[in-house]
Amino acid sequence: MFPVFQPESPEAQAIYDLFILVLMISAAIFIIVAGLIAVALWRGRSRAILPKQDFGSEKREIYWMVGPILIVIWITAISAKLILTVNAFPKIQPPGDEMAEADLTVTGHQWWWEIEHHESGIVEANEIYIPTGKKLRVKLQSADVIHCFWVPQLARKMDVIPGRENYIWLEAGKPGVYQGRCAEYCGNQHAWMNFKVYALTTDEFAKWESGEKVAPGTPAEPAAVAGEKLFFAHTCSNCHTVAGTVAQATIGPDLTRVASRKQLAGGAIENSTENLVRWLKNPQAIKPGCKMPNFKFSDDEARQVAAYLESLN
Amino acid sequence: MSTEVATQYELIEVDSTTGLLSWVSTVDHKRVGILYILLAVFFLLIGGIEAVLIRMQLAVPGNTFLSPEVFNQLFTMHGTTMVFLVGMPFFTGFSNYLVPLMIGAKDVAFPRLNAMSFWMLPFGAFLLYFSFLTGAAPNAGWFSYAPLSTKPYSLGPGIDYWLVGLIVMGVGSIAGAINIVATVLCMRAPGMSLQRVPLFVWIMLMQAMLIVITIPPLNSALALLCVDRWLEAAFFEPVRGGSALLWQHFFWIFGHPEVYVFALPAFAMVSEVIPVFSRKPIYGYAFVAGSSTVILLLSYGVWAHHMFAVGLGTSANIFFSIMTMLIALPTGVKIFNWTATMWGGSIRFSTSMLFAIAFLIQFVIGGLTGIMFAAVPIDWQMTDTYFVVAHFHYVLIGGVVFAIFAATYYWFPKMTGRMLDERLGKWQFWLWLFGFNGTFMVQHFLGAMGMPRRVYTYADNPGWALLNGISSASVILMVVGTIVLIWNIVKSLLHGEVAGNNPWDAFTLEWATTSPPPETNFDSLPEIKSRRPVWDQQHPEYADWKFAKTPEDSGRRPDRAKVCAWAFVISEAVFFVLLLVTYVVFNSQASDDGPSAETVLDVPRTAIFSGFLLASSLTFWFSERSLRAGRRKTFLFWLGTTILLGIVFLCGQGWEYAGLISNDVTIDRNLFASTFFTVTGFHGLHVTAGLIALAIMFTLGRKNHLTKVHSKPFEAIGVYWHFVDVVWILVFSIIYLGAFKL
């Protein structure tokens, strides 16, 4: 329920620890200040006589400031220490260091995420499969405007900025599904630019990887074949990729494995045949303003395209 | 004050009868102040309605009440409205009304400039809101991050209305602030030394100075974005070599001091309210005043704490973390002083005081979450979530708006002559207290649940619906509270208890005159021998000057035209510095992509024309001396020569531009050309403006209207003219000589 308070990586844990400490200090300060105000008000509530006209004392002001100054130094020091740890990111590697290459490249698009696994060459959309317990170097870049990559349970958030490469570490301490979101307002459909990180055990991850490498299926049943025709007749390939076909564009998500995804449209809807058909019939009704136009498919046509997409997996 | 001041007062004497026209034509600082406040109230309602719509949309998950398009326009307009059309005018209004009264002056330093500053606002507001009629209100957020706000991603005219509206309002704000600075420095009554002004006046002086230096960075950012959008430059387009982060830097160099532009007046207001209702002087006047000055100085060095998530380097992160922590200290000082003022006091729980106390507590909460954000790693988790929404609403509503309510109940009797109803006031207080905390306290938790800000809807994640529901429902209490306030105001204006001069037994000079004050403010002033002249008058046995010595008034006041000119020049200097920074940023790396300073500029020729401009400073100085000496002929001769030299310089610039453009070096060619034309173009505009001013002076001089006694305003124009020359020296050495590359 509170992902910020349920860290599942060493980095998120360290940030959480700092947060709790500063929260406690703040609570203590608040209780002291509010308490002093309450006492002052209580004692002064029915004082009828003219109070002593006290203009202040320089000495007392200075004594008072000792506490806050020490607290500020303390918080600055512990947060600076953590900045050094988290920022100790070998972003600028010595040339020739093989580690300089990122494990993953995440590209923010209006309004979806493109993920490329460097070693295997696997490309995903809005889902990031990672092996548990491995510290992955993630390169963040943007295809259009500024986005922000945020998986509260696993890592700090980091802006995704056009014309600039940012790097973070991504690591999950235990297997699970971790919600991620775009945190920087990036236009119309910023709300539906969610993604999920799936942390798998090493075995599962290997299995997933080999599964992804299997060549996409070929449409066999008549509906799927008809759908394939529609897909290429309706300029779908101008924006999307389907591995092994002429469709190689990257304006929209790679559709080769779309049937295996849990959600569609940046988290706006769950993935099911029904929802996929609904989406194909009019994406603008589900995610108004998204870049995919309404192709005005008939019910049958939408089902055929969905059948084609599902046959790929 | 010199005789020249007196003559100007005669000039501005206007008909002050009643009627709508008298309000439109008024230059009386009290009426202008009230106009500002009414404008702010109007837009508080508009911005409030926008907020209510936003909360209605977010009340339940998956809501389709508003389309994303409309939702995004609403939160953009809500932010923009609250900052530029509510916050700024409220405080400028109070400042306008109260500062002259508190220092015992008849009016502000420049009453007509004051009226102009005000009327810029409704015009700017009209432009901004006209965008709704075009069907495309601005929708890039109140900080309009590039490149989202550039043409490729925001095709509609919304952003253009936003840009022009903000520039118009910004110019008005700077002019208004310069006026307050000049008023406080030059118009104080005898005895009112600068160390004796009420804290409200001192802090508003700091705020006005901050406005003077903090709006220009916004203006330069807006100017650059205009050039991008209208002339197809690429300052903010990374694909064409621009920088997405430059906008953020410039915007927050404006944007964070802007927070203090709001916080300082809130401090100023409660620094008057709390002492009066504790029946004690402020504890540690010097510390409250001094800490405000420290805030002014530090606020310029904390902007990048809005950018911790953009991936700045470690040292930048740590530097801005330290600076942000530091600025918490002077604010902490004030909290102590207000508490100490109440300590041992005799507390009167008036509505005004209740709002001030709630301000104190809520501002502490907003301040503490601010400290959390200053601890950078916490910011890396919580920024851009509802935690940050909660944080700044605690500062801006829990702090600033509550302070405005405290001020409203406190000064309403002075402004209208009638008391506000205390029983209705308390209803409003409790409704707002619960409504505000109900709306925003839960948003802290929503942030920890991972809810990003600025989403038009959300999935039914565990807990989100409940907390959003509480947040939205609580808004109803604030709405009802606002209706109670409006009812209270209407009722009190009609049948409210008559206030009398000093209903609160308050301390400062505005309470020494009638409520509302006469047009010239005071029939007679009490003797000013301390910081609380009215207290001294009411309680002679405990008079402050008997117990606490304050520095005597030297009686010296600087010339207001000079103060105005210098403040204006400082403001303009900031504007040019940022434009020059832009030039340096984009031209420090050699690029063989298209024209550059080395390849297309004719340095010797421009050097010769620069000589003409620099010579004009000298001839201006001669004309100034002649005017002072009363030699009209030589004065006109040198002034004419100055104008001629300026025209020659502009002709040189025209020649240069024509040559460049014929060689296909245009503003959209590459970043060198964009920055070159932007910097030199704005400088050329300033020279032109200066020439117009000089031409007016020349005409006045020829008709014999400009004589020896007007030498001060003439010298003020000289300050501007010399400034334009100094800027050119910088422009020439940076662009033509490439001084920054050495």
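Since the structure is predicted, the reported quantities are computational estimates derived from the model, not experimental observations. For every chain, the first residue of the written sequence is number 1, and numbering continues from 1 along that sequence. Numbering of ligands from 1 and lettering of chains from A proceed in the order in which they are written. With pLDDT at 70 or above as the cut-off, local features in this predicted model cover only qualifying residues; side-chain atom pairs require 80 or more to be listed or tallied, and sums for whole chains, interfaces and linings still use all residues. Note that the side-chain values use all heavy atoms of the structure and ignore hydrogens as well as water.

Caption draft 1: Representation of the overall build of chain B in the model. Assigned secondary structure in chain B consists of 23 helices and 0 strands. Radius of gyration here is computed from C-alpha atoms only, and the compact-globule reference equals 2.2 Å multiplied by the residue count raised to the power 0.38. For chain B, the C-alpha radius of gyration of 27 Å lies close to 27 Å, the compact-globule estimate for 742 residues. Looking at the 742 residues of chain B, the share that counts as buried comes to 64%. Counting contacts in chain B only where the partners sit at least 6 residues apart, residues at least 24 apart contribute 82% of the total. If you sum the accessible surface of chain B, you get close to 25,900 Å²; carbon and sulfur atoms cover 70% of it. His is not counted here, nor are the chain ends, while Lys and Arg score as positive and Asp and Glu score as negative. Lys charges are placed at NZ, Arg charges at CZ, Asp charges at CG and Glu charges at CD. Charged side chains in chain B number 42 positive and 42 negative. The centres of these two groups are separated by 8 Å. Each helix is a run of DSSP H or I of at least 4 residues and each strand a run of E of at least 2, with the numbering of both proceeding from the N terminus. Classification of residues uses two cut-offs on accessible area relative to the type maximum, computed with a 1.4 Å probe and protein chains only: under 20% is buried, over 50% is exposed, and between them is partly exposed. Whether two residues touch is decided by their heavy atoms; if any such pair falls within 4.5 Å, the residues are in contact. Method for areas: the Shrake-Rupley scheme with a 1.4 Å probe, in which residue coverage is limited to the protein chains shown.

Caption draft 2: Spatial organisation of the sheet that holds strand β9 (residues 176-182) of chain A. All names here are of chain A. We treat two strands as partners when DSSP finds at least two bridges between them. Pairing is mixed across the open sheet formed by 5 strands, whose spatial order is β4-β10-β9-β6-β7. Only two strands of the sheet have a single partner each, and these edge strands are β4 (127-131) and β7 (158-160). Within the sheet, the average angular offset between the axes of one strand and its neighbour, ignoring direction, is 25 degrees. Sheet topology note: the strand β6 (residues 147-150)/β9 ladder contains 2 bridges and is antiparallel. Bridged to F149 within β9 is C182. Structural elements are reduced to axes, namely lines fitted to C-alpha atoms, with helices fitted over the stretch in contact, and the angle between N-to-C directions of any two is expressed from 0 to 180 degrees.

Caption draft 3: Examining the environment of T634 of chain B more closely. Note that T634 of chain B resides in helix α21 (residues 632-662). Separated by 11 residues in sequence, T634 of chain B and S623 of chain B place their C-alpha atoms 6.9 Å apart.

Caption draft 4: Focus on the side chain of S571 of chain B. All names here are of chain B. Looking at the element boundaries, S571 is found in helix α18 (residues 560-587). You can call S571 buried: its relative accessible area is 2%. If we ignore the near neighbours within four places in the chain, the residues touching S571 are I174, V212 and P216.

Caption draft 5: Structural view of the sheet that holds strand β1 (residues 104-109) of chain A. Residue and element names in this part refer to chain A. Taken in spatial order, the 5 strands line up as β3-β2-β1-β5-β8 in an open sheet, and their pairing is mixed. Unpaired on one side and paired on the other, β3 (123-125) and β8 (166-170) mark the two borders of the sheet. Shown here is a sheet whose adjacent strand axes are inclined to one another by a mean of 25 degrees, direction ignored. As paired elements, β1 and strand β2 (residues 112-117) share 6 bridges and run antiparallel to each other. Following the sheet pairing, T105 is matched in β2 by E116.

Caption draft 6: Structural context of the packing of helix α7 (residues 199-231) of chain B against α18 of chain B. All names here are of chain B. Interaxial distance between α7 and α18 falls to 8 Å at its minimum, and their mutual angle equals 40 degrees. It follows from the interaxial angle that α7 and α18 lie oblique. Relative to α18, α7 is oriented so that their crossing is right-handed. The segment α7 lies against α18, with V212, I213, P216, P217, N219, S220 and L224 engaging A567, I570, S571, V574, F575, L578, L579 and T582. The classification used treats Ala, Val, Leu, Ile, Met, Phe, Trp, Tyr, Cys and Pro as nonpolar, Asp, Glu, Lys and Arg as charged, and all other residues, Gly among them, as polar. Partitioned by chemical class, the residues of the contact of α7 with α18 number 11 nonpolar, 4 polar and no charged. When describing relative orientation, an angle under 35 degrees is termed roughly parallel and one over 145 degrees roughly antiparallel, while 65 to 115 degrees is termed roughly perpendicular and anything else oblique. Handedness of a crossing is defined here by the sense of rotation of the near helix relative to the far one, left-handed for an anticlockwise turn of less than a right angle and right-handed for a clockwise turn.

Caption draft 7: Examining the domain arrangement of chain B more closely. Residues and elements named next belong to chain B. Under the domain assignment used here, chain B contains domain 1 (29-547) and domain 2 (560-741). Computed from C-alpha coordinates alone, the two centres of domain 1 and domain 2 are separated by 36 Å. With 30 residues of domain 1 in contact, the opposing surface of domain 2 contributes 22 residues. Buried area is calculated as the accessible area (1.4 Å probe) missing from two parts once they are joined, with the contributions of both summed. Taking both sides of the interface into account, the surface hidden between domain 1 and domain 2 amounts to around 2,000 Å²; carbon and sulfur atoms contribute 82%. Counting of polar contacts relies on pairs of N or O atoms within 3.5 Å, with two restrictions inside protein: one atom must be capable of donating a hydrogen and the other of accepting it, and residues adjacent in sequence are counted only when both atoms are side-chain atoms. Between the two partners, domain 1 and domain 2, sit 3 residue pairs in polar contact (both at pLDDT 80 or more). Along the lines of polarity and charge, the residues of the side of domain 1 that touches domain 2 split into 23 nonpolar, 5 polar and 2 charged. Either an automatic procedure or a domain database provided the assignment from which the domain bounds are taken.

Caption draft 8: Looking closely at the domain arrangement of chain A. Residues and elements named next belong to chain A. Segmentation of chain A into domains returns domain 1 (1-41 + 60-213) and domain 2 (222-311). Put simply, the middle of domain 1 and the middle of domain 2, counted by C-alpha atoms, are 32 Å apart. Taken together, the contacts link 21 residues of domain 1 with 18 residues of domain 2. Buried surface at the junction of domain 1 and domain 2, both sides included, amounts to about 1,500 Å², of which 47% is carbon and sulfur.

Caption draft 9: Fine view of the pattern of salt bridges. Should a side-chain nitrogen of Lys or Arg be within 4 Å of a carboxyl oxygen of Asp or Glu, the pair is scored as a salt bridge. In this structure the tally under the stated criterion is 19 salt bridges over all chains. One salt bridge in this structure joins K139 of chain A and E165 of chain A, with 3.7 Å as the shortest N-O distance. Note that K139 of chain A is positioned in strand β5 (residues 136-142) and E165 of chain A in the loop between β7 and β8, a separation of 26 residues in sequence. Taking the shortest distance from any N to any O, the salt bridge between E212 of chain A and R257 of chain A comes out at 4.0 Å. In this pair, E212 of chain A is assigned in helix α3 (residues 202-213) and R257 of chain A in the loop between α4 (222-233) and β11 (263-264), connecting sequence segments 45 residues apart. Of the two residues, E212 of chain A and R257 of chain A, neither departs from the other in class, the shared state being buried. Salt bridges here are not isolated pairs; linked through shared partners, they connect K562, E624, R628 and E715 of chain B.

Caption draft 10: Structural detail: the pairing of β9 of chain A. Pairing analysis gives 5 bridges linking β9 of chain A to strand β10 (residues 195-200) of chain A, with the strands arranged antiparallel. Bridging from a neighbouring strand, Q179 of chain A pairs with K196 of chain A of β10 of chain A.

Caption draft 11: Seen up close, unusual backbone geometry. Omega for the bond connecting Q110 of chain A with W111 of chain A falls within 30 degrees of zero, at -5 degrees, which places this linkage in the cis form. Structurally, the position occupied by W111 of chain A is in the loop between β1 and β2. One non-glycine residue, T235 of chain A, lies in positive phi territory at about 60 degrees. For T235 of chain A, the position within the fold is in the loop between α4 and β11. Phi is positive for D505 of chain B, close to 55 degrees, though the residue is something other than glycine. In this structure, D505 of chain B sits in the loop between α15 (464-495) and α16 (533-538).

Caption draft 12: Examining the UniProt feature "domain: Cytochrome c" (unreviewed entry) in chain A more closely. UniProt positions are given in the numbering used here, feature names are shortened, and annotations may be inferred rather than shown by experiment. Feature annotation in UniProt places "domain: Cytochrome c" (unreviewed entry) on residues 222-313 of chain A, given in this structure's numbering. As annotated, residues 222-313 of chain A has a helix share of 41% and a strand share of 4%, and its two end C-alpha atoms lie 17 Å apart.

Caption draft 13: Region of interest: the interface of chain B and chain A. Taken together, the contact between chain B and chain A spans 96 residues of the former and 82 residues of the latter. Roughly 7,500 Å² is buried in total at the junction of chain B and chain A, and carbon and sulfur atoms are behind 71% of that figure. Looking at the side of chain B facing chain A, the largest losses of area belong to Y283, W380 and Q381 of chain B, adding up to 11% of the total buried there. Our count for the contact surface shared by chain B and chain A stands at 0 salt bridges. Along the contact surface separating chain B from chain A lie 27 residue pairs in polar contact (both at pLDDT 80 or more). Looking at the side of chain B that touches chain A, the elements with two or more residues in it are α4 (68-102), α8 (244-278), α9 (285-298), α10 (314-342), α11 (351-374), α12 (376-382), α14 (422-448) and α17 (544-547) of chain B. In terms of residue count, the dominant contributor to the side of chain B that touches chain A is α10 of chain B (14 residues). Grouping the amino acids of the side of chain B that touches chain A by side-chain chemistry returns 62 nonpolar, 25 polar and 9 charged.

Caption draft 14: Quick look at the environment of G417 of chain B. Residue and element names in this part refer to chain B. Tracing the backbone shows G417 in the loop between α13 (386-416) and α14. Separated by 13 residues in the primary sequence, G417 and W430 place their C-alpha atoms 26 Å from one another. Ignoring any residue separated from it by four or fewer positions in sequence, one finds G417 in contact with F412, E497, V498, A499, S515 and P516.

Caption draft 15: How the structure looks around the packing of aromatic side chains. Ring pairs shown here join Phe, Tyr and Trp side chains whose ring centres sit within 6.5 Å, with only the six-membered ring taken for Trp; geometry is labelled stacked below 30 degrees between planes, edge-to-face above 60, and tilted in between. Across all of its chains, the model carries 89 aromatic pairs over all chains by this definition. Centre to centre, the rings of W64 of chain A and Y283 of chain B are 5.7 Å apart; their planes meet at 45 degrees, and the pair counts as tilted. Of this pair, W64 of chain A sits in helix α2 (residues 58-87) while Y283 of chain B sits in the loop between α8 and α9, placing the two residues on different chains. Its relative accessible area of 28% is what places W64 of chain A among the partly exposed residues. Judged by relative accessible area, which is 2%, Y283 of chain B ranks as buried. Here the aromatic rings of Y657 of chain B and F677 of chain B are separated by 4.9 Å at their centres, their planes lie at 80 degrees, and the arrangement is edge-to-face. You can see Y657 of chain B sitting in helix α21 and its partner F677 of chain B sitting in helix α22 (residues 671-702), a full 20 residues away along the chain.

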